[in-house]
Number of protein chains: 2
Amino acid sequence: MKTSPLTPRCPIRTTLELLGGKWQLLILDRLGEEAVAFTDLKLRLHPISDKVLAHTLQRLRESKLVDVVGGKYRRTKAGTATGPLLAAIVAYGQEYERLLAET
Amino acid sequence: MKTSPLTPRCPIRTTLELLGGKWQLLILDRLGEEAVAFTDLKLRLHPISDKVLAHTLQRLRESKLVDVVGGKYRRTKAGTATGPLLAAIVAYGQEYERLLAET
DNA sequence: CTTCATACTTACCTAAAGGTAAGCTTAGCT
DNA sequence: AGCTAAGCTTACCTTTAGGTAAGTATGAAG
């Protein structure tokens, strides 16, 4: 997903570009409030490969959603601000299953 | 993004699989409450190609988020239920820009 | 001083999303 | 009958996310 100068700055696109991948939201979710070390985080996300985790964390750092303190990963303010979004995503996933389940 | 039997049913993944693509959420957003014809929808989403729109609509129909009535596209109940999610996504996109703006 | 775990990096591959361009079918003007 | 627009479909191409497997650097532990 790339931003072109033709595509005007749309908040939906902004969010999708930051968090639309397979792991970004899961990582933010598993980070919680604490700072977590690479291998610990890996276990919480299982099964993710070293490469994909390292690369995704790098991208999250570049977008300032995550930073590193004392060798551990932690959400930034912008990362923590995903809280309500995360909640809405979880809620929708559940609601969707529920709606499909009824007949 | 594929679902493997190994990846347990996680609501975050469910939502990402349904709506993580480039156009799904935009389409749901532009559909609003009314039923909209293909070409009309295309104009609202500009620039999207015929092929991508047709294909994405097909996928949305398969996941029961959109249906067709009298040749026009309309959100289903599950499609309409994305409302709060959409709002959270827009809100986060704006909040993110705001947070990055403050040095 | 060697072994192991941590935290990555590198090389390589694949599938799929998305894009461009062109064609095709049907219905409705005129 | 001929033309146009709507709504798709088809063929083709490119990019990138994600995955596997292996390698490397560093420090702590035994």
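None of the values given here were measured: they were computed from a predicted structure.

Visitor: Where do I start with the pattern of salt bridges in this structure?
Guide: If the charged atoms of two oppositely charged side chains come close together, the side chains can form a pair. Enumeration according to the criterion identifies 18 salt bridges over all chains in this entry. Across the salt bridge formed by Glu17(B) and Arg9(B), the nearest N and O atoms sit 3.9 Å from each other. Classification of Glu17(B) by relative accessible area gives partly exposed; the value is 22%. Overlapping salt bridges, with partners in common, bring together Glu34(A), Asp40(A) and Arg44(A) in one network.

Visitor: How do you make sense of the pairing of strand 3 (residues 72-75) of chain A when you look at a structure like this?
Guide: For a regular strand, the rule is simple: side chains alternate between the two faces of the sheet. Residue and element names in this part refer to chain A. The side-chain alternation of strand 3 yields one buried face, formed by Tyr-73 and Arg-75, and one unburied face, formed by Lys-72 and Arg-74. With two bridges joining them, strand 1 (residues 36-37) and strand 3 adopt antiparallel strand pairing. Among the inter-strand pairings, Val-36 is bridged to a residue of strand 3, identified as Tyr-73. Alignment of strand 2 (residues 66-69) against strand 3, held across four bridges, turns out to be antiparallel. Paired with Asp-67 across the two strands is Arg-74, which belongs to strand 3.

Visitor: Help me out: how do you make sense of the sheet that holds strand 3 of chain A in this one?
Guide: The strands making up a sheet associate through backbone hydrogen bonding, with each pair oriented either parallel or antiparallel. Residue and element names in this part refer to chain A. Sheet architecture is open: three strands sit in the order 1-3-2, paired in antiparallel fashion. Taken across any chain shown, the strands that pair with only one partner, and hence form the sheet edges, are strand 1 and strand 2. Across the sheet, helix 2 (residues 24-31) is in contact with strand 1, strand 2 and strand 3; its angle to strand 3 comes to roughly 100°.

Visitor: What exactly am I supposed to notice about the interface of chain B and chain A here?
Guide: Between chain B and chain A, the residue contacts involve 40 residues of the former and 40 residues of the latter. Taking both partners together, chain B and chain A bury about 3300 Å²; carbon and sulfur atoms supply 75% of that area. Linking chain B to chain A there are twelve residue pairs in polar contact (both at pLDDT 80 or more). At the level of elements, helix 1 (11-19), helix 2 (24-31), helix 5 (77-80) and helix 6 (83-101) of chain B are the ones that each hand at least two residues to the side of chain B that touches chain A. Of the residues forming the side of chain B that touches chain A, the biggest block, 13 residues, is contributed by helix 6 of chain B. Partitioned by chemical class, the residues of the side of chain B that touches chain A number 22 nonpolar, eight polar and ten charged.

Visitor: Looking at this model, I keep getting lost on the sheet that holds strand 2 (residues 66-69) of chain B. Mind explaining?
Guide: All names here are of chain B. Taken in spatial order, the three strands line up as 1-3-2 in an open sheet, and their pairing is antiparallel. Edge positions in the open sheet fall to strand 1 (36-37) and strand 2, since each of these has one partner strand only. Against the sheet, helix 2 makes contact with strand 1, strand 2 and strand 3 (72-75), and its axis sits at roughly 100° relative to strand 3, the strand it touches most.

Visitor: Is there a simple way to think about the packing of aromatic side chains in this case?
Guide: In this description, a pair of aromatic rings is defined by centroid distance and the angle of the planes. With the rule as written, the count across this model stands at two aromatic pairs over all chains. Ring centres of Tyr92(A) and Tyr96(A) lie 6.1 Å apart, and the angle between their planes is 35°; on these two criteria the pair is classed as tilted. On the criterion of helical spacing, the pair formed by Tyr92(A) and Tyr96(A) is a turn pair, its members being four residues apart in helix 6 (residues 83-101). Note on Tyr92(A): relative accessible area 3%, which makes it buried. One cation-aromatic arrangement involves Arg13(A) over Trp23(B); the distance from NZ or CZ to the ring centre is 4.7 Å.

Thresholds applied
The residue numbering used here restarts from 1 in each chain and proceeds along that chain's sequence as written. Written order determines the labels here, with chains lettered from A and ligands numbered from 1. Owing to the predicted nature of the model, reporting of local features is limited to residues with pLDDT of at least 70; listing and counting of side-chain atom pairs is limited to 80 or more, with chain, interface and lining totals taken over all residues. Water and hydrogen atoms play no part in the side-chain values, which are based on all heavy atoms of the structure. When a carboxyl oxygen of Asp or Glu is within 4 Å of a side-chain nitrogen of Lys or Arg, the pair counts as a salt bridge. Per-residue accessibility, obtained with a 1.4 Å probe over protein chains only, is compared with the maximum for each type, and a residue is labelled buried under 20%, exposed over 50%, and partly exposed between these values. For helices the rule is a DSSP run of H or I covering at least 4 residues; for strands it is a run of E covering at least 2, with both sets numbered from the N terminus onward. Here a strand pair is declared whenever DSSP counts at least two bridges between the two strands. Any pair of residues with heavy atoms lying within 4.5 Å of one another is described as a contacting pair. Only the stretch in contact is used when fitting a helix axis, every axis being a line fitted to C-alpha atoms; angles between N-to-C directions are given from 0 to 180 degrees. Each of two parts loses accessible area, computed with a 1.4 Å probe, when they are put together; buried area is these two losses added. Nitrogen and oxygen atoms within 3.5 Å of one another constitute a polar contact, given that in protein one can donate a hydrogen and the other can accept it, and given that sequence-neighbouring residues count only through two side-chain atoms. Residue polarity is assigned by list, with Asp, Glu, Lys and Arg as charged and Ala, Val, Leu, Ile, Met, Phe, Trp, Tyr, Cys and Pro as nonpolar; anything else, Gly included, falls into the polar class. Geometry of aromatic contacts follows a simple scheme: Phe, Tyr and Trp rings, the Trp one being its six-membered ring, pair when their centres are within 6.5 Å, and the pair is stacked under 30 degrees between planes, edge-to-face over 60, tilted otherwise. Any Lys NZ or Arg CZ found within 6 Å of a ring centre and within 35 degrees of that ring's normal is scored as a charge over the ring.

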